[in-house]
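Here is what each chain is made of, one letter per residue.
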Amino acid sequence: MIEKIGFGFIVIGIAFDFFGCLGLLRFPDIYNRLHSSIKCVTLGTSSILFGLFLCEGFTPAGVKALLCILFLILTAPVSAHVLARSAHKSGVRLSKDSVCDKYAEDNK
Amino acid sequence: MRRLRWLLGLLLIAAILVGIFFLSIPSLLEWQSAFLKKAFLIMLLSASFCFLRILLGPTPADRIAALDIFGILILGFCAILGVTTGRGWYIDIGIAWALQSFISILALGKYLEGKHFDD
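Just so it is clear, the structure is predicted and the values come from calculations on it, not from any experiment.

Basis of the calculations
Along each chain, numbering runs from 1 in the same order as the chain's sequence is written. To label them, take the chains in the order written and letter them from A, then take the ligands in the order written and number them from 1. Totals for whole chains, interfaces and linings use every residue, but because this is a predicted model, local features are given only for residues with pLDDT of at least 70 and side-chain atom pairs only at 80 or more, for both listing and counting. By definition, any uninterrupted DSSP run of H or I lasting at least four residues is a helix, any uninterrupted run of E lasting at least two residues is a strand, and each is numbered from the N terminus. Radius of gyration: over C-alpha atoms. The globule rule applied is 2.2 Å multiplied by the number of residues raised to the 0.38 power. With C-beta atoms placed from the backbone, a residue is buried if 20 or more other C-beta atoms are within 10 Å of its own, exposed if 12 or fewer are, and partly exposed between those counts. Axes here refer to lines fitted to C-alpha atoms; in helices the fit is confined to the stretch in contact. Angles between the N-to-C directions go from 0 to 180 degrees. Throughout this description, any angle smaller than 35 degrees is read as roughly parallel, any larger than 145 degrees as roughly antiparallel, any in the 65 to 115 degree range as roughly perpendicular, and the remainder as oblique. In this scheme, a crossing is called left-handed if the near helix is turned counterclockwise away from the far one by less than a right angle; it is called right-handed if the turn is clockwise. C-beta atoms are first placed from the backbone for all residues, and any pair lying within 7 Å is then listed as a contact. Side-chain classes are defined by residue name, with Ala, Val, Leu, Ile, Met, Phe, Trp, Tyr, Cys and Pro counting as nonpolar, Asp, Glu, Lys and Arg as charged, and the others, Gly among them, as polar.

### A look at the overall build of chain B
(1) Moving on: Along the backbone of chain B there are four helices and zero strands.
(2) Moving on: Overall, chain B shows an N-to-C arrangement of helices and strands of α-α-α-α.
(3) Moving on: In terms of overall dimensions, chain B is more spread out than a globule: its C-alpha atoms have a radius of gyration of 18 Å, far above the 14 Å expected for 119 residues.
(4) Moving on: Each principal axis of the C-alpha atoms in chain B carries an extent, and together these give about 55 × 50 × 15 Å.
(5) Moving on: Taken over 119 residues, chain B has a buried fraction of 28%.

Quick look at the structure:
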């Protein structure tokens, strides 16, 4: 029974990974792409790892998967923030459809 | 033209998904269940999306973002292989890859901003 719940978590994670990567391919500029593709990390791969923990139980591999979830949730927003900030400072423009740019207004 | 490209991409992705779900694709590994094999193939499809973005991204920031997501997808591959084969050491490869990927993304972001590494 608990293995089937783990497989369910793996299905949720794979769906988030697939649609996040589709957004990475489809969206118009770097900020929108970061917005969709960071869902791959915090929801997609984390729930695949949680499914692995449910399948394996408290073996060394399962506990390592839990530690890996903790590491991912701590570091993925940091790397996304660093990327968006450095892209804005290096002069990557927003797409034509975007409405306002608060970061540039604040740094005038 | 734009709509035609959109429709062509949609048809291509739908054809690949139908192929993954309904055709039997030969593989070298012995899979524990057919579900895990399909899961692995869908992850390969999304990794190919990341690779396409690395090839044709217009700015360097796009390429760095796609590289970040590619490293995270490799962690997912390692987790699925760990469930399939029952060997615990696959997840060690994933943890090492995620650590290295995080530090390299920080360094590349610093480089993109136009500063030295020790600023």
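Read on, since the account is not over.
### A short note on the packing of helix H3 (residues 39–56) of chain A against helix H3 (residues 60–85) of chain B
(1) Moving on: Following both chains from N to C, one finds H3 of chain A and H3 of chain B inclined at 15°, their axes separated by 10 Å at the closest point. The orientation of H3 of chain A relative to H3 of chain B falls into the category roughly parallel. Between H3 of chain A and H3 of chain B lies a crossing whose hand is left-handed. Across from Cys40, Val41, Thr45, Ile48, Leu49, Leu52 and Cys55 of chain A in H3 of chain A, the residues of H3 of chain B making contact are Ile69, Ile72, Leu75, Gly76, Ala79, Ile80, Gly82 and Val83 of chain B.
(2) Moving on: By residue class, the composition of the contact of H3 of chain A with H3 of chain B is twelve nonpolar, three polar and no charged.

### Things to note about the environment of Gly82 of chain B
(1) Moving on: Among the secondary structure elements, Gly82 of chain B is positioned in helix H3.
(2) Moving on: Gly82 of chain B sits 27 residues away from Leu55 of chain B along the chain, and the two C-alpha atoms are 30 Å apart.
(3) Moving on: Among all residues touching Gly82 of chain B, those that are not within four sequence positions of it are Leu52 and Ala61 of chain A together with Arg87, Gly88, Tyr90 and Ile91 of chain B.

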